[in-house]
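# Breakdown of the fold
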Amino acid sequence: NAGVTQTPKFQVLKTGQSMTLQCAQDMNHEYMSWYRQDPGMGLRLIHYSVGAGITDQGEVPNGYNVSRSTTEDFPLRLLSAAPSQTSVYFCASREGATGNQPQHFGDGTRLSIL
Amino acid sequence: KNQVEQSPQSLIILEGKNCTLQCNYTVSPFSNLRWYKQDTGRGPVSLTIMTFSENTKSNGRYTATLDADTKQSSLHITASQLSDSASYICVVSPSYNNNDMRFGAGTRLTVKP
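Description of the structure in this document.

What counts and how
Residues numbered from 1 in each chain as written. Chains lettered and ligands numbered in written order. Predicted model: local features only at pLDDT ≥ 70, side-chain atom pairs only at ≥ 80, totals over all residues. Heavy atoms only, no water. Helix = DSSP H or I, 4+ residues; strand = E, 2+ residues; numbered from the N terminus. Buried < 20%, exposed > 50% of the residue type's maximum accessible area, 1.4 Å probe, protein only. Polar contact = N/O pair within 3.5 Å; in protein donor to acceptor, adjacent residues only side chain to side chain. Pairing = 2+ DSSP bridges. Axes fitted to C-alpha atoms, helices over the stretch in contact; angles between N-to-C directions. 1 Å grid on protein atoms, 1.4 Å probe; cavity = no way out; pocket = protein on both sides within 12 Å on 5 of 7 lines; lining within 4 Å. Points joined across faces, edges and corners; volume = space filled by probe spheres on them. Nonpolar A, V, L, I, M, F, W, Y, C, P; charged D, E, K, R; others polar. Salt bridge = Lys/Arg side-chain N within 4 Å of Asp/Glu carboxyl O. Core = buried A, V, L, I, M, F, W, Y, C linked by side-chain atoms within 4.5 Å. Contact = heavy atoms within 4.5 Å. Buried area = accessible area lost by both parts, 1.4 Å probe.

### Quick word on the side chain of Asp100(B)
Residues and elements named next belong to chain B. Residue placement: Asp100 occurs in the loop between β9 (86-94) and β10 (102-103). Residue classification places Asp100 among the buried positions, given a relative accessible area of 11%. Within polar-contact distance, the side chain of Asp100 engages the side chain of Arg102 at 2.9 Å.

Take a look at the structure:
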C-alpha cells in the first residue's frame, strides 16, 4: 500500500517557468490537499478538494492552480514560478471530506526557484 | 500573528527521559486538535486527534492533553527513544471550516544517547 505518492522529490526551476507537482493516493480518500512548508513557519494550505470535480482555495492560493479529475490524483500547477515559491510542498489525503480522520501526507517535493 | 504557537522551539533531552511539548492556540471555536510527528525529510505522521470535548488521547508513549478553557494542549513523551528525534507539530481546525487547518511551526526534539 503506497499511501500518498508525490513526484518529483526535487526540482529546480527558473523564474517564469511553469511546472506541475504530482500527487496520487491509493486509499480511495475523498479529501486531498496541498500545503507549503517554509522555514520557521507552520504548513500553510494552498488548495484542497473534497472530491472529484470539487476544489477550493486555502490560505495561500495565489500563483497555484489545481484540478481533481479523479479520486486518486490531485496535481498542483505553478503557472509562472517566482522565487517566493521556493518551498517544500506536501500533499495530503483524508478518508472523509469533513471530520476527525487522520491526514496522510506524502514525503514532499523540494522546489527551488532561481 | 500565528493562531497556533508552540513552545519550546527546540529541545534536547537524554534517551530514556520524559518531556512535554506545549501548544497554545487562539482558533475559536475549534473542531479538533491534532499532533503530528515529522521526521527530517519526510511528511508529517498523525499521532493523536482530539475533539473539543476530549481531555486526553494516548498513542503508545505519546499522550496529548487538551484544556479547551485555556486553549492549551500538551504532548507528553514518556521514556524517550532516539527515534523520537523529530519535529512535533500541533494543528487546530476551526469549526467553521474543518478543512482549513492551522499549523504550528513545530518543536524540534533531539534525543541524545
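### Details of the sheet that holds strand β3 (residues 19-25) of chain B
Residues and elements named next belong to chain B. Across the sheet, which stays open at both edges, the five strands sit in the order β1-β3-β8-β7-β6 with antiparallel pairing between neighbours. Both outer strands of the open sheet, β1 (4-7) and β6 (56-59), are each paired with one neighbouring strand and no more. Pairs of neighbouring strands in the sheet enclose a mean axial angle of 15 degrees, with direction left out of account. In the sheet, strand β7 (residues 62-67) pairs with strand β8 (residues 72-77) via six bridges, with the strands oriented antiparallel. For Ala64, the partnering residue across the bridge sits in β8 and is Leu75.

### Observations concerning the layout of surface pockets
The calculated volume of the largest pocket comes to roughly 290 Å³. Around the largest pocket, the lining comprises 20 residues; the ones closest to its centre are Gln37(A), Pro39(A), Gln38(B), Ser87(B) and Ala105(B). For the lining of the largest pocket, the secondary-structure elements that each account for two or more residues are β9 (87-94) of chain A together with β9 and β11 (107-112) of chain B. In terms of residue class, the lining of the largest pocket is made up of six nonpolar, nine polar and five charged.

### Things to note about the pattern of salt bridges
Tallied over the entire structure, the rule returns seven salt bridges over all chains. With a closest N to O distance of 2.9 Å, Arg102(B) and Asp100(B) form a salt bridge. Overall, the relative accessible area of 18% leaves Arg102(B) in the buried class. Here the residues in one salt-bridge network are Arg36(A), Asp38(A) and Arg44(A), joined through shared partners.

### Quick word on the sheet that holds strand β1 (residues 4-7) of chain A
Strand pairing in a sheet is mediated by backbone hydrogen bonds. Such pairs are either parallel or antiparallel. All names here are of chain A. Judged by pairing direction, the sheet is antiparallel, and its four strands sit side by side in the order β1-β3-β8-β7 without closing on themselves. Of all strands in the sheet, those bounded by a partner on one side alone are β1 and β7 (64-66). Mean inter-strand twist for the sheet, computed between neighbouring axes without regard to direction, equals 20 degrees. Across three bridges, the pairing between β7 and strand β8 (residues 76-78) is antiparallel. Each residue of the ladder has a partner; that of Tyr64, found in β8, is Leu78.

### Some points on the nonpolar core
With 23 residues, the main nonpolar core has Leu33(B), Trp35(B), Leu75(B), Tyr88(B) and Val92(B) as its most contacted residues. Among the elements of the structure, β3, β4 (30-38), β5 (45-51), β7, β8, β9 and β11 of chain B are those that each provide at least two residues to this core. Every residue in contact with Val92(B), bar those within four places of it in the chain, is listed here: Val4(B), Tyr25(B), Val27(B), Phe30(B), Asn32(B), Leu33(B), Asp100(B), Met101(B) and Arg102(B). One finds Trp34(A), Tyr89(A), Cys91(A) and Ile113(A) within the second-largest nonpolar core, a separate group that totals 19 residues.

### Here we look at the interface of chain B and chain A
Contact with chain B, which involves 22 residues of that partner, is made by 24 residues of chain A. At the boundary of chain B with chain A, total buried surface from both sides reaches about 1700 Å², with 46% on carbon and sulfur atoms. The largest per-residue losses of area from chain B upon contact with chain A belong to Pro44(B), Asn99(B) and Phe103(B), which jointly make up 31% of the total buried on that side. Counting across the interface, chain B meets chain A through two salt bridges. Its salt-bridge partner being Glu59(A), residue Arg102(B) comes within 3.6 Å of it at the nearest N-O pair. The element that contributes the greatest number of residues to the side of chain B that touches chain A is β4(B), accounting for five residues. A breakdown of the residues in the side of chain B that touches chain A according to their chemical character gives seven nonpolar, 11 polar and four charged.

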